[in-house]
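Descriptive analysis of the structure
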Amino acid sequence: GPYVINLQKGYGLPPKEVIFPKRLKDAGYSTHIVGKWHLGFCDPRYLPTARGFDTWYGYVAGQQDFFSHFSFDRATITGYDFRNGKSGSTPGLIMPESKLNGTYGLDAHVTEAVRIIKNHKGDDTPMFLYLALQSVHSPLQVPPQYTAQYSGISDSNRRIYAGMVSAMDEGVRNVTEAL
């Protein structure tokens, strides 16, 4: 639609628009985003670390391969898209591909969210963690252990989708348990 920020577009949410994490940061919170950021990236002012988040671990494209972390925009592969940035550093530092290549995206996001939560324990500063999981979204991909329990589903897309939901449920459980 006309309101989707595609990779080839040179715009994002206008920097003059103050969003929730900025208000929380101003109120003394530590603020973190893990997962999808889809509000613009072509200008550092559009990135989450310029919008009130202290840290950002995730990607900017509308969708990406869950294992290679190459982004897609309307079926065009646009490149490796996984970032690890901190406010005050170069916005959107790109992590080396070798660190995550082959790691299921949901697992990477959950691991980082749990790490942030555990590192915050004992800190009196309030924390805001925005977790925008990649699942369940196209492309339909999941590690095989999640589809095995759905062998009775004959439609492969439905079987993979069911596995993706199970993987997401497990990830949400892991984050919840870390709290």
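Residues numbered from 1 in each chain as written. Predicted model: local features only at pLDDT ≥ 70, side-chain atom pairs only at ≥ 80, totals over all residues. Heavy atoms only, no water.

Here's the deal with the sheet that holds strand S2 (residues 55–59)
The four strands are arranged S6-S2-S1-S7 in an open sheet whose pairing can be described as mixed. Edge positions in the sheet fall to strand S6 (83–86) and strand S7 (127–132), since each has one partner strand and no second. Within the sheet, the average angular offset between the axes of one strand and its neighbour, ignoring direction, is 10°. Looking at chain direction, strand S1 (residues 30–36) and S7 are connected through six bridges and run parallel. Paired with threonine 31 across the bridge in S7 is phenylalanine 128. Running at roughly 175° to S7, helix H3 (residues 105–120) makes contact with S1, S2 and S7 of the sheet. (Pairing = 2+ DSSP bridges. Helix = DSSP H or I, 4+ residues; strand = E, 2+ residues; numbered from the N terminus. Axes fitted to C-alpha atoms, helices over the stretch in contact; angles between N-to-C directions. Contact = heavy atoms within 4.5 Å.)

Section: the nonpolar core
Formed by 14 residues in total, the largest nonpolar core has its most connected members in Tyr104, Leu106, Val110, Val142, Ala167 and Val175. Broken down by secondary-structure element, the contributors of at least two residues to this core are H3 and helix H4 (156–178). No other element matches H3, which puts five residues into this core. The contact partners of tyrosine 104, leaving out residues within four places of it in the chain, are Phe66, Phe67, Ser135, Gln141, Val142, Pro143, Met164 and Ala167. With nine residues, the next largest nonpolar core counts Ile19, Phe53, Val60 and Phe128 among its residues. (Core = buried A, V, L, I, M, F, W, Y, C linked by side-chain atoms within 4.5 Å. Buried < 20%, exposed > 50% of the residue type's maximum accessible area, 1.4 Å probe, protein only.)

Re the side chain of glutamate 112
Among the secondary structure elements, glutamate 112 is positioned in helix H3. Accessibility expressed as a relative area gives 11% for glutamate 112, which makes it buried. Within the structure, glutamate 112 has its side chain in polar contact with the side chain of arginine 115 (distance 2.7 Å). Glutamate 112 has contacts with Val34 and Tyr57, leaving out every residue within four places of it along the chain. (Polar contact = N/O pair within 3.5 Å; in protein donor to acceptor, adjacent residues only side chain to side chain.)

Some points on the packing of aromatic side chains
According to the stated counting rule, one finds six aromatic pairs in the structure shown. With centroids separated by 5.2 Å and ring planes inclined at 40°, the aromatic side chains of phenylalanine 67 and tyrosine 104 adopt a geometry described as tilted. On the criterion of sequence distance, the pair formed by phenylalanine 67 in the loop between strand S3 (63–64) and strand S4 (70–73) and tyrosine 104 in the loop between helix H2 (97–100) and H3 is long-range, its members being 37 residues apart. Through a chain of ring-to-ring contacts, three or more aromatic side chains come together here, namely Phe20, Trp37, Phe53, Phe128 and Tyr130. (Phe/Tyr/Trp six-rings, centres within 6.5 Å; stacked < 30°, edge-to-face > 60°.)

Details of the environment of proline 126
Secondary-structure assignment places proline 126 in the loop between H3 and S7. Take proline 126: its relative accessible area is 34%, and that puts it in the partly exposed class. Placed 99 residues apart in sequence, proline 126 and alanine 27 show a C-alpha to C-alpha distance of 9.3 Å. Contact partners of proline 126, with chain neighbours within four places excluded, come to Gly28, Tyr29, Ser30 and His120.

Considering the pattern of salt bridges
If you walk through the whole model with that rule in mind, you get five salt bridges. As a salt-bridge pair, lysine 25 and aspartate 54 come within 2.1 Å of each other at their nearest N and O atoms. Of this pair, lysine 25 sits in helix H1 (residues 20–26) while aspartate 54 sits in the loop between S1 and S2, and the two are 29 residues apart along the sequence. Notably, a salt bridge pairs aspartate 43 with arginine 45, separated by 3.0 Å at the nearest N-O pair. In this structure arginine 45 comes out as partly exposed when scored by relative accessible area, which is 48%. (Salt bridge = Lys/Arg side-chain N within 4 Å of Asp/Glu carboxyl O.)

Focus on unusual backbone geometry
Residues other than glycine predominantly adopt negative phi, and peptide bonds predominantly adopt the trans conformation. Between serine 135 and the following residue, valine 136, the backbone shows a cis peptide bond with an omega angle of -5°. Within the secondary structure layout, valine 136 lies in the loop between S7 and H4. Cis geometry is found at the peptide bond from serine 138 to proline 139, where omega equals 0°. Inspection of the secondary structure assignment puts proline 139 in the loop between S7 and H4. In the Ramachandran plot, histidine 69 falls in the positive-phi region, its phi being about 65° despite a non-glycine side chain. Among the secondary structure elements, histidine 69 is positioned in the loop between S3 and S4.

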